[in-house]
Protein chains: 2
Amino acid sequence: MGRPAGYELSEVVSAARDVFWDRGLDGTSLPDLERATGLSRSSIYHAFGSKRGLFDAAVRDYLDTVVRPRLAVLVDEPVAPDAVRSYLRGLTQAVETLPDDSPRRGCLLFACATSAGHDPALADVIEDYRAELTGSFAVALSARYPAASLARLARRARQLTSMTVAGLVLAKINRDEAVATLRAGLEQINEWDQDD
Amino acid sequence: MGRPAGYELSEVVSAARDVFWDRGLDGTSLPDLERATGLSRSSIYHAFGSKRGLFDAAVRDYLDTVVRPRLAVLVDEPVAPDAVRSYLRGLTQAVETLPDDSPRRGCLLFACATSAGHDPALADVIEDYRAELTGSFAVALSARYPAASLARLARRARQLTSMTVAGLVLAKINRDEAVATLRAGLEQINEWDQDD
DNA sequence: GGGGTTCTAGACCGAATGATCTAGTAATTT
DNA sequence: AAATTACTAGATCATTCGGTCTAGAACCCC
């Protein structure tokens, strides 16, 4: 053993996570990360090896502390029939109430979608997230519409995924429209209810 | 008068447009643009003033030669009842058939959404595009569902916008899923048809 | 063909990029 | 307290960034 770190690793990662969330992978510079974490380059490279290493840690943290807790309502047994609605309401409220200058608007991973076009590893991470989102919707939808066919559930899961993706992308462009988009997801569910 | 330019301006702009389309605004470097256009920095700056100037020209070209021709079917009188379906079919086919290494997958403007978080002028451009897309959907939907209320048309226009946005964002991540998403838009229309 | 104008290649600029290195500090263990 | 180990500030690295500049080449008009 030697000298212990002068920082809390989880705090460093979550500070970095917010910067990446705001500016994407390419848009974030080392000085940005130094400023946000309070660490110098030395410590960052000592602890994470590279900018990408810190990004990977930030993504893991994003999935663990932001994404999964939100998805939990969709998949944790017992899944309530209203789970889908709860999820969308929660997401809507987050987009709606976050301050204008908050970095936590939109989605860290979709913010990197463009870079993913030339970074297969990154594309995989984003695709895994997309698949998990769609899968979680499918689970929750089957709790609400137990009689629906698998094909119909898959189709509806994809529709809700679309509205989530669009809502999170638009959150960086036009908050009101992002909120309206997510609300349209809720209204869509109302329509489905009338069919079943 | 003096020496005439040794290039066709429209060719330069469209070459640059494809690079921005592929890599976004921040992800595109001057050397990238020199390579794609065949012009040296001097000529680029002489003709466009700045990287941003060239980007603006590329966006204008994108809207004129890519977006508007596609949207035409949605808004040009007389609007066919099947216009919405035609639009989605065309877009689906483009995403489906473009070679893997084509820069023309996804959307130039949504590829810049992350940068737009700190660039209000860029955010405006993207929002205008989003609004035009939603508006065009609304026009075409009212041709298909003349009896539907304005509120319902607006809601459906937003849903189709979501699927388009998601499809174009996912195009950089997972082509099959992007195609499936756009197809889900078509299936959605089938469902609406049964209601009306 | 000469004068005037415009275009363009390539060198150059300062600033910023991600990354490394050195030196020294600070804590733990014995 | 000494020895050992681990952390970190700051200078430094080569590279790349967007942008400028100079010099000369190419063309139009007279």
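Per chain, residues are indexed from 1 in the order of the written sequence. Written order decides the labels, with chains lettered from A and ligands numbered from 1. The predicted nature of this model means local features are confined to residues of pLDDT at least 70 and side-chain atom pairs, given and counted, to a pLDDT of 80 or more, with totals for whole chains, interfaces and linings taken over all residues. Side-chain figures throughout are based on the complete set of non-hydrogen atoms in the structure, without hydrogens or water.

Asker: It is not clear to me how the interface of chain A and chain B should be interpreted in this structure. Could you clarify?
Answerer: It is common to give the size of an interface as the accessible area that goes away when the parts come together. We call two residues contacting when some pair of their heavy atoms lies within 4.5 Å. At the interface, 34 residues of chain A touch 35 residues of chain B. With both sides pooled, the region where chain A packs onto chain B buries about 3,300 Å², and carbon together with sulfur makes up 56% of that total. When a carboxyl oxygen of Asp or Glu is within 4 Å of a side-chain nitrogen of Lys or Arg, the pair counts as a salt bridge. Taken together, chain A and chain B are joined by eight salt bridges. Polar contact criterion, stated in full: a pair of N or O atoms within 3.5 Å, where within protein one must be able to donate a hydrogen and the other to accept it, and residues adjacent in sequence count only if both atoms are side-chain atoms. Along the contact surface separating chain A from chain B lie 14 residue pairs in polar contact (both at pLDDT 80 or more). Helical segments are the DSSP runs of H or I of at least four residues, strand segments are the runs of E of at least two, and each set is numbered from the N terminus. Elements supplying a minimum of two residues to the side of chain A that touches chain B: helix H1 (9–23), helix H6 (113–116), helix H7 (120–144), helix H8 (150–170) and helix H9 (175–195) of chain A. The biggest single contributor to the side of chain A that touches chain B is H8 of chain A, with nine residues. Residue polarity is assigned by list, with Asp, Glu, Lys and Arg as charged and Ala, Val, Leu, Ile, Met, Phe, Trp, Tyr, Cys and Pro as nonpolar; anything else, Gly included, falls into the polar class. Grouping the amino acids of the side of chain A that touches chain B by side-chain chemistry returns 15 nonpolar, nine polar and ten charged. Buried area counts how much accessible surface, traced with a 1.4 Å probe, disappears from two parts once they are put together, with both parts' losses summed.

Asker: Just to check I follow, could you spell out the side chain of Thr37 of chain B for this structure?
Answerer: Residues and elements named next belong to chain B. Within the secondary structure, Thr37 sits in helix H2 (residues 30–37). Relative accessible area decides the class of each residue, using a 1.4 Å probe on protein chains only: under 20% of the type maximum gives buried, over 50% gives exposed, and in between gives partly exposed. Judged by relative accessible area, Thr37 falls into the buried class, the value being 14%. Among the polar contacts made by the side chain of Thr37, one reaches the main-chain carbonyl oxygen of Leu33 at a distance of 2.7 Å. With sequence-adjacent residues up to four places away left out, Thr37 is seen in contact with Val12, Ala15, Ala16 and Ile44.

Asker: Is there a simple way to explain the packing of aromatic side chains in this structure?
Answerer: Geometry of an aromatic ring pair is reported as the spacing of the ring centres plus the angle between the planes. Residues and elements named next belong to chain A. Pairing of aromatic side chains requires ring centres within 6.5 Å, counting the rings of Phe and Tyr and the six-membered ring of Trp. Pairs whose planes differ by under 30 degrees are stacked, by over 60 edge-to-face, and all others tilted. Evaluation of the coordinates by the stated rule reveals ten aromatic pairs over all chains. Judged by centre distance (5.0 Å) and plane angle (85°), the rings of Phe20 and Phe55 are edge-to-face. With a gap of 35 residues between them, Phe20 in helix H1 and Phe55 in helix H4 (residues 51–75) connect regions that are remote in the sequence. Using a relative accessible area of 2% as the deciding quantity, one classes Phe55 as buried.

Asker: Would you explain the protein's contact with DNA strand D in this entry?
Answerer: It suffices for a single heavy atom of a residue to lie within 4 Å of a molecule or strand for the residue to be listed as near it. Lining the immediate environment of DNA strand D, one finds 24 residues, of which Ser42 and His46 of chain A together with Arg41, Tyr45 and Lys51 of chain B sit closest. Between DNA strand D and Ser42 of chain A there is a distance of 2.5 Å, counted from a base nitrogen to a side-chain nitrogen or oxygen. Within the side chain of Arg41 of chain B, an N or O atom sits 2.3 Å from a base oxygen of DNA strand D. Of all elements in the fold, only helix H3 (41–48) of chain A together with H2 and helix H3 (41–48) of chain B reach the threshold of two or more residues within the surface near DNA strand D. Split by residue class, the surface near DNA strand D holds nine nonpolar, eleven polar and four charged.

Asker: Got a minute to help me understand the packing of helix H7 (residues 120–144) of chain B against helix H8 (residues 150–170) of chain B in this structure?
Answerer: Describing two packed helices takes the angle between their axes plus the distance from one axis to the other. All names here are of chain B. Two elements in contact, H7 and H8, have axes separated by 8 Å at closest approach and are oriented at 130°. By the angle between their axes, H7 is oblique relative to H8. Between H7 and H8 the crossing geometry is right-handed. Note on element contacts: H8 touches H7 through Leu153, Arg156, Ala157, Arg158, Leu160, Thr161, Thr164 and Leu168, opposite Tyr129, Arg130, Leu133, Thr134, Phe137, Ala138, Leu141 and Ser142. Within the contact of H7 with H8, the residues separate by chemical class into nine nonpolar, four polar and three charged. Only the stretch in contact is used when fitting a helix axis, every axis being a line fitted to C-alpha atoms; angles between N-to-C directions are given from 0 to 180 degrees. Angle categories are assigned with fixed cut-offs, so that under 35 degrees is roughly parallel, over 145 is roughly antiparallel, 65 to 115 is roughly perpendicular, and the rest are oblique. If you view the pair so one helix is near and one far, a crossing is left-handed when the near helix is turned anticlockwise from the far one by less than a right angle, and right-handed when it is turned clockwise.

Asker: Explanation requested: the relation of the copies chain A and chain B in the structure shown.
Answerer: Here two copies of a chain appear, and what relates them is a rotation about an axis with a shift along it. When the copies are superposed, the least-squares fit takes in the C-alpha atoms of residues with a pLDDT of at least 70 in both. Superposing chain A onto chain B takes a rotation of 180° combined with a translation of 0.0 Å along the rotation axis, leaving an RMSD of 0.1 Å. Given the turn and translation reported, the copies of this chain are related as if by a two-fold rotation axis. Most of the interface of chain A is mirrored in chain B, where 100% of its interface residues again form contacts.

Asker: Any chance you could explain helix H5 (residues 83–97) of chain A here in plain terms?
Answerer: With 15 residues, H5 of chain A should cover 21 Å at 1.5 Å per step; its first-to-last C-alpha distance of 21 Å lies within 8% of that length. Residues of H5 of chain A that are buried include every one of Ala83, Val84, Arg85, Tyr87, Leu88, Leu91, Thr92, Ala94 and Val95 of chain A, and no others. Working rule for helices: expected span equals 1.5 Å times residues minus one.

Asker: Help me understand the protein's contact with DNA strand C, please; the structure alone is not making it clear to me.
Answerer: Around DNA strand C, the structure places 24 residues, and the nearest of them are Arg41 and Tyr45 of chain A together with Gly6, Ser42 and His46 of chain B. In DNA strand C, atoms within 4 Å of the protein come 65% from sugar and phosphate. Residue Ser40 of chain B places a side-chain N or O atom 2.9 Å away from a phosphate oxygen belonging to DNA strand C. Listed by contribution, the elements that provide at least two residues to the surface near DNA strand C are helix H2 (30–37) and H3 of chain A together with H3 of chain B.

Asker: Just checking my understanding: could you explain unusual backbone geometry for this structure?
Answerer: With glycine set apart, most residues show a phi of negative sign, and most peptide bonds adopt trans. A cis geometry characterises the amide bond from Glu77 of chain A onward to Pro78 of chain A, with omega recorded as -5°. Topologically, Pro78 of chain A is positioned in the loop between H4 and H5.

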